[in-house]
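# An overview of the molecular structure
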Amino acid sequence: MSLALDLALCALILGVSLAAVAGAGVFRAVIFFITYGLFVAIGWARLGAYDVALAEAAIGAGLTGVLLLTAQGRLRRVQADRTERPGAPLPAALAGGAVTLALAWAWFVLPVPEAPDVAQALPQSGAGNPVTAVLLNFRAWDTLLESIVLLAALLGVWMLARDADWDAPLGPRYHARPSGVLAYFGRVLPPIGLIFGVYLVWAGTETVGGAFQGGTVLAGVVLVAMMAQVLPPPRASKRLLRAALVLGPGVFLLSGLAAAALGGSFLSLSAALAKPAILIIEAALTVSIAVTLALLVIGPAEAPEPAP
Amino acid sequence: MSLTVFALTGAALVGLGVYGLLALPHLLRRVIAFNLTGSGLFLFFGAAGARGGAVDPVPQALIITGIVVALSASALAVGLVVALARSSGKVVLPDEDPAP
């Protein structure tokens with residue numbers, strides 16, 4: 001029975017991904033990609049990886065969907081959304097097929113490695129959720145560098161602004177009808193999202209959730225509020241904004257250095273201090289993740305277009 | 001058995017993404033294809049990490065990291081596409097433009 005469910009789910013995943021790649025029209029491709037993200041999130045839940053399922057639904061389907069939809073809307077004005085023939089379909093199909101076959105071969109041939117059991121070390125980690133323990137304690141290096149990658153990507157996006165626009169508010173100007181659906185959601189959703197996002201972060205140390213999933217929900221709150229014009233778009237030069245961006249990586253780095261100064265090694269958390277340290281790092285990371293992700297989706301600074 | 005189904009789905013998604021990345025001229029569709037490749041690899045990796053019974057938390061944490069990095073890379077890519085469209089009026093690369 002459960003195998004039948006997984007087979008049907010995987011058929012759906014492959015169907016919508018095929019439609020996203022081969023379907024006619026960019027708008028349709030974007031919609032199918034968002035649907036794909038939601039199906040894959042269900043797949044992760046079926047695999048028992050609930051933290052990944054939350055991240056995929058919030059980031060893969062949610063934020064990436066907003067990013068692609070906004071871009072599609074702007075590109076439509078530049079170039080007609082005409083159906084295009086794929087260039088060189090045969091070599092591309094051969095390359096794609098070869099990669100798939102190689103991976104399928106690897107699946108059946110490669111042995112199962114002897115993995116160290118995280119559960120044994122969990123009591124010393126300061127977190128009850130093994131995924132949080134890996135993210136913020138055992139493999140803290142990855143997470144620290146990831147938070148810096150986010151900053152680097154945001155700097156890259158900001159640099160795409162025209163010189164004259166540098167001091168303008170970030171992102172395109174959104175228009176929401178005062179009595180429309182967006183304006184309504186812009187007032188109703190943020191309080192709910194705020195509670196849910198903070199809950200995900202707080203619960204993440206012990207059960208499903210975490211700084212990335214919670215931070216993404218908070219980024220969604222910021223985005224909805226900006227699109228509904230409840231929150232004015234910020235300027236890149238604002239001090240408070242820049243402080244929020246570096247708060248997470250900064251606190252993470254300082255705690256790593258403090259651990260080294262206290263006699264351990266860089267980024268090692270002693271069992272006694274691990275729990276409060278993880279909570280502080282997660283809280284700081286959440287603020288930075290939420291602001292960085294929202295600004296990544298909003299885009300570079302743009303001066304308002306002159307009225308036609 | 002279910003794990004094999006998810007792993008093979010992941011493998012097929014990677015291939016589909018590679019095909020889209022090579023064959024589709026519209027740059028926004030290439031960003032979508034790139035995301036499919038990454039997502040397929042995550043699925044393959046996650047299924048491989050679950051072979052010991054329960055899902056191993058180490059691959060889970062790496063996949064969450066990967067999903068966030070994929071979003072930041074996509075945001076930069078989409079920003080570049082929009083900037084190209086703004087400066088040239090095209091959403092395809094110059095040497096792949098059918099009507100220059």
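Here the structure is a predicted model, which means the values were calculated and not measured.

Rules behind the numbers
Residues numbered from 1 in each chain as written. Chains lettered and ligands numbered in written order. Predicted model: local features only at pLDDT ≥ 70, side-chain atom pairs only at ≥ 80, totals over all residues. Helix = DSSP H or I, 4+ residues; strand = E, 2+ residues; numbered from the N terminus. Buried ≥ 20, exposed ≤ 12 C-beta atoms within 10 Å, placed from the backbone. Contact = placed C-beta atoms within 7 Å. Domains from an automatic or database assignment. Nonpolar A, V, L, I, M, F, W, Y, C, P; charged D, E, K, R; others polar. Axes fitted to C-alpha atoms, helices over the stretch in contact; angles between N-to-C directions. Parallel < 35°, antiparallel > 145°, perpendicular 65-115°, else oblique. pLDDT = per-residue confidence, 0-100. Core = buried A, V, L, I, M, F, W, Y, C linked by C-beta atoms within 7 Å. Left-handed = near helix turned anticlockwise from the far one by under 90°. Expected span 1.5 Å × (residues − 1). Bend = angle between axes of the 7 residues up to and from the residue.

What follows concerns the overall build of chain A. Along chain A, the regular secondary structure elements total eleven helices and zero strands. Start at the N end of chain A and walk to the C end: the helices and strands fall as α-α-α-α-α-α-α-α-α-α-α. Referenced to the eigenvectors of the C-alpha coordinate spread, the extents of chain A come out at roughly 65 × 55 × 35 Å. Per-residue burial over chain A gives 42% buried out of 308 residues. Long-range contacts, defined here as pairs at least 24 residues apart, represent 73% of the contacts in chain A between residues at least 6 apart.

For the rest of this paragraph, the subject is the overall build of chain B. Along chain B, the regular secondary structure elements total three helices and zero strands. Reading the helices (α) and strands (β) of chain B from amino to carboxyl end gives α-α-α. Seen along its three principal axes, the alpha-carbon backbone of chain B occupies a region of about 55 × 25 × 15 Å. Burial status across chain B gives 67% buried among its 100 residues. For chain B, the proportion of contacts with a sequence separation of at least 24, taken over those separated by at least 6, is 56%.

Residue and element names in this part refer to chain A. The domain architecture assigned to chain A consists of domain 1 (1–77) and domain 2 (127–308). Each of domain 1 and domain 2 has a C-alpha centre, and these two points are 23 Å apart. Contact residues are listed per partner, giving eleven residues for domain 1 and 14 residues for domain 2. Among the residues forming the side of domain 1 that touches domain 2, the class breakdown is eight nonpolar, one polar and two charged.

We now examine the interface of chain A and chain B. With 73 residues of chain A in contact, the opposing surface of chain B contributes 66 residues. Residue contributions to the side of chain A that touches chain B peak at 15 residues, all from helix H3 (residues 50–78) of chain A. Looking at the side of chain A that touches chain B residue by residue, the classes come out as 50 nonpolar, 15 polar and eight charged.

At a minimum axis distance of 11 Å, the contact between helix H2 (residues 26–46) of chain A and helix H2 (residues 27–49) of chain B shows a crossing angle of 10°. Viewed along their axes, H2(A) and H2(B) adopt a mutual orientation that is roughly parallel. Counting all contacts with H2(A), which are made through A:Val26, A:Ala29, A:Phe33, A:Val40, A:Gly43 and A:Trp44, the residues of H2(B) involved are B:Leu28, B:Arg29, B:Ile32, B:Asn35, B:Ser39, B:Leu43 and B:Gly46. Looking at the contact of H2(A) with H2(B), its residues break down into eight nonpolar, four polar and one charged.

Turning next to the confidence of the model for chain A. In this model, chain A carries an average pLDDT of 88, and 95% of its residues clear a pLDDT of 70 or more. For chain A, helix H5 (residues 118–121) of chain A is the element with the lowest average pLDDT, namely 79, and H2(A) is the one with the highest, namely 94.

In terms of nonpolar packing, the biggest core is built from 123 residues, with A:Ala294, B:Leu28 and B:Val81 touching the most fellow members. Composition of this core by domain shows at least three residues from each of domain 1 (1–77) and domain 2 (127–308) of chain A. Those residues in contact with B:Leu28 that lie beyond four places of it in its chain are A:Val26, A:Leu68, A:Ala71, A:Gln72, A:Leu75, B:Val81 and B:Val91.

With that settled, consider the packing of helix H9 (residues 211–227) of chain A against helix H11 (residues 274–298) of chain A. Residue and element names in this part refer to chain A. Where H9 contacts H11, the axes come no closer than 8 Å and their chain directions differ by 45°. As summarised for this structure, H9 and H11 are arranged oblique, according to the angle between their axes. Here the hand of the crossing between H9 and H11 comes out right-handed. From H9, Ala211, Phe212, Gly214, Gly215, Thr216, Leu218, Ala219, Val222, Leu223 and Met226 reach across to H11, where they touch Glu282, Leu285, Thr286, Ile289, Ala290, Leu293, Ala294, Val297 and Ile298. Counted by class, the contact of H9 with H11 contains 14 nonpolar, four polar and one charged residues.

Attention now moves to the confidence of the model for chain B. Across chain B, pLDDT averages 89, with 96% of residues at or above 70. Taken over the whole predicted complex, pTM reads 0.91, whereas the ipTM for its chain interfaces reads 0.94.

What follows is about helix H8 (residues 181–204) of chain A. All names here are of chain A. Spanning 24 residues, H8 covers 32 Å between terminal C-alpha atoms, matching the ideal 34 Å at 1.5 Å per step. Most pronounced at Leu189, the bend in H8 amounts to some 35°, and the proline Pro190 follows within four residues. What H8 keeps buried is the set Gly186, Pro190, Gly197, Leu200, Val201 and Gly204. On the buried face of H8, the contacting elements are helix H6 (130–138), H9 and H11.

What follows covers the environment of A:Thr216. Residues and elements named next belong to chain A. Here Thr216 shows up in helix H9. Exposure remark for Thr216: the 29 C-beta atoms within 10 Å place this residue in the buried category. Separated by 43 residues in sequence, Thr216 and Ala259 place their C-alpha atoms 28 Å apart. Beyond its immediate sequence surroundings of up to four residues, Thr216 is in contact with Ala58, Ile59, Gly62, Leu63 and Leu293.

Attention now goes to helix H3 (residues 57–88) of chain B. A rise of 1.5 Å per residue sets the reference length of H3(B), with its 32 residues, at 46 Å; its end C-alpha atoms lie 46 Å apart and thus fit the reference within 8%. For H3(B), a buried count of 23 out of 32 residues is recorded, marking the element as mostly surrounded by other parts of the structure.

Turning next to the environment of A:Asn129. All names here are of chain A. One can find Asn129 in the loop between H5 and H6. With 22 C-beta atoms counted inside 10 Å, the residue Asn129 sits in the buried group. Counting along the chain gives 76 residues from Asn129 to Thr205, while the straight-line C-alpha distance between them is 5.5 Å. Not counting the four nearest positions on each side in its chain, Asn129 is found in contact with Gly204, Thr205, Glu206 and Thr207.

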